[in-house]
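# Summary of the model geometry
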Amino acid sequence: MIRAPEIRLIDHNGDNHGVVRPELGVQMAEEVGLDLVEISPNAAPPVCKIMDFGKYKYELQKKAAEARKNQRVIEIKEVKFRPNIDTHDYDVKMRSVHKFLEEGDKVKVTLRFRGREMAHIEIGRSLLERISADVDALGKVESMPKMEGRQMIMVVAPRS
């Protein structure tokens, strides 16, 4: 399957044989009972190694699984507030915001306005400033509060 006219050959012991024709590499691989595997196809000339191809594919699969296992997907959790929220309700919602930030998730703080509350957007802005001051130790404000229709949105990301 190797179509290059010349390849850089590395044998099963790791010794470099220099630039050779692919037929010679296949012949050497058959003598040892292994396969000729193209390791780096983008190099000039391509690098090929004499090895067990099944074992090579298995090791690549194990590396990919290990990389997936160590990967952490950051979720965006949403906490909704109202402009005239009471102190206890505020504390309860802030506890969940702190928990989400400690778990490493981003938090989308949504402040919803209804009816005449739209006339007092400054109350909502001061509430979001209070929230950003309270989460300053655990997270940083990623996007500043901005109005989107009848709601004001702010995104807080955990500090690394």
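Residues numbered from 1 in each chain as written. Predicted model: local features only at pLDDT ≥ 70, side-chain atom pairs only at ≥ 80, totals over all residues. Heavy atoms only, no water.

### Focus on the overall build of the protein chain
Helix and strand content of the protein chain: four helices and eight strands. Sequence-ordered secondary structure for the protein chain, helices as α and strands as β, is β-β-α-β-β-α-β-α-β-α-β-β. Computed over the C-alpha atoms, the radius of gyration of the protein chain is 30 Å, more than 25% above the 15 Å expected from 2.2 N^0.38 for a compact globule of 160 residues. Principal-axis analysis of the C-alpha atoms places the extent of the protein chain at approximately 85 × 25 × 25 Å. Looking at the protein chain residue by residue over its 160 residues, the buried ones come to 29%. Once local pairs closer than 6 in sequence are excluded, the contacts in the protein chain between residues at least 24 apart make up 53%. Accessible surface computed for the protein chain: about 10,700 Å², of which carbon and sulfur atoms make up 50%. Looking at charge distribution, the protein chain has the averaged site of its 28 positive side-chain charges lying 8 Å from that of its 26 negative ones. (Helix = DSSP H or I, 4+ residues; strand = E, 2+ residues; numbered from the N terminus. Rg over C-alpha atoms; globule rule 2.2 N^0.38 Å. Buried < 20%, exposed > 50% of the residue type's maximum accessible area, 1.4 Å probe, protein only. Contact = heavy atoms within 4.5 Å. Areas by Shrake-Rupley, 256 points an atom, 1.4 Å probe, with all protein chains shown as cover. Lys, Arg positive; Asp, Glu negative; His and termini not counted. Charge placed at Lys NZ, Arg CZ, Asp CG, Glu CD.)

### Section: the sheet that holds strand β5 (residues 76-81)
Strand order in the open sheet formed by four strands is β5-β6-β8-β7, with mixed pairing between adjacent strands. Because the sheet does not close on itself, it has two edges, and the strands there are β5 and β7 (139-148). Strand-to-strand twist across the sheet, computed as the mean angle between neighbouring axes with direction ignored, equals 20 degrees. Judged from the six bridges that link them, β5 and strand β6 (residues 106-112) form a sheet pairing that is parallel. Bridging across to β6, I76 finds its partner in K106. Seen against the sheet, helix α3 (residues 87-102) touches β5, β6, β7 and β8 (151-158) and runs at an angle of roughly 170 degrees to β5. Helix-sheet contacts for helix α4 (residues 121-134) involve β5, β6, β7 and β8, and the interaxial angle to β8 is about 10 degrees. (Pairing = 2+ DSSP bridges. Axes fitted to C-alpha atoms, helices over the stretch in contact; angles between N-to-C directions.)

### Quick word on the domain arrangement of the protein chain
For the protein chain, the domain assignment lists domain 1 (7-70) and domain 2 (76-158). Averaged C-alpha coordinates put domain 1 and domain 2 at centres separated by 55 Å. (Domains from an automatic or database assignment.)

### So, the UniProt feature "domain: Translation initiation factor 3 C-terminal" (unreviewed entry) in the protein chain
Under the local residue numbering, the UniProt record ascribes the feature "domain: Translation initiation factor 3 C-terminal" (unreviewed entry) to residues 74-158. For the annotated span residues 74-158, helix accounts for 35% and strand for 36% of the residues, and the straight-line distance between the end C-alpha atoms is 10 Å. (UniProt positions renumbered as here; feature names shortened; annotations may be inferred.)

### Section: the nonpolar core
Ranked by internal contacts, the top residues of the largest apolar core, which has 18 residues, are F81, V109 and I131. Those elements that place two or more of their residues in this core are β5, α3, β6, α4 and β8. Not counting chain neighbours up to four residues away, the residues in contact with I131 comprise F81, Y90, M94, V109 and M154. Listed in part, the eight residues of the second largest apolar core include A4, I7, V20 and L36. (Core = buried A, V, L, I, M, F, W, Y, C linked by side-chain atoms within 4.5 Å.)

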